[in-house]
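One-letter residues, chain by chain:
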Amino acid sequence: GMSSAAEPPAQPEGANTAPSLEAETRAEILLELEQALLNGADLPLSTARLHRTDWREALGAGNALDALAPVHMVRLSRELQSEVLSQLLLSRRFPRLLRCEAAQRVDLAWGPPSDTEPLPGALSDVLLELLHASGLLRLPAAEFDRQVTTPLHNIPGLGRRAAAQAALIYCAAASSQAERGTGGEA
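Worth saying up front: this structure is predicted, and the values here are computed from it rather than measured.

Quick notes on the rules
- Residues numbered from 1 in each chain as written.
- Predicted model: local features only at pLDDT ≥ 70, side-chain atom pairs only at ≥ 80, totals over all residues.
- Heavy atoms only, no water.
- Salt bridge = Lys/Arg side-chain N within 4 Å of Asp/Glu carboxyl O.
- Helix = DSSP H or I, 4+ residues; strand = E, 2+ residues; numbered from the N terminus.
- Buried < 20%, exposed > 50% of the residue type's maximum accessible area, 1.4 Å probe, protein only.

A. Looking closely at the pattern of salt bridges. Applying the stated criterion across every chain, the model contains 8 salt bridges. One salt bridge in this structure joins Glu-57 and Arg-26, with 3.8 Å as the shortest N-O distance. Here Glu-57 is found in helix α2 (residues 52-61), whereas its partner Arg-26 is found in helix α1 (residues 23-39), with 31 residues between them in sequence. A relative accessible area of 41% means that Glu-57 is categorised as partly exposed. You can call Arg-26 buried: its relative accessible area is 10%. We note a salt bridge from Arg-75 to Glu-79, for which the minimum N-O separation is 2.7 Å. Within this pair, Arg-75 and its partner Glu-79 are both found in helix α3 (residues 70-80), separated by 4 residues, close to a single helical turn.

Now the structure itself:
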């Protein structure tokens, strides 16, 4: 097994510029992470060693964490509290959930749902969590459209519903932001 004696000391907040890990190390950590999620176990401490560059490599370029269920995504986002990770889960992994769900529905011969219907509960939860955790709700409206609503809208199947829901979540966040006065992290 790996000896954890040589763990680097915890790094200060600004450490996101740290060089990314060796691909092999990263793969091992991600595998442990995936196992923990699938088994409902605590997330491994080694996950803290993954920086934003690692998440980008793993989820952007690679196919790490490809088989996660909605509940796993929510957990990852909540527990790791990395805006970059949540953004990547939304842009790179959430579309797959939408496509899987749409495919299952076709099997059931339900016919296409209306675009205004909300997403099924588990997918709604993921969308809500990822939008809040990713910091994307702080974007100006036009930018939010470009980065979130439009790409979602283009996903066949449930994409239009996801886009409509994302827009509603954005509006709700914007109005609660306005009520609270300016700025301030929720």
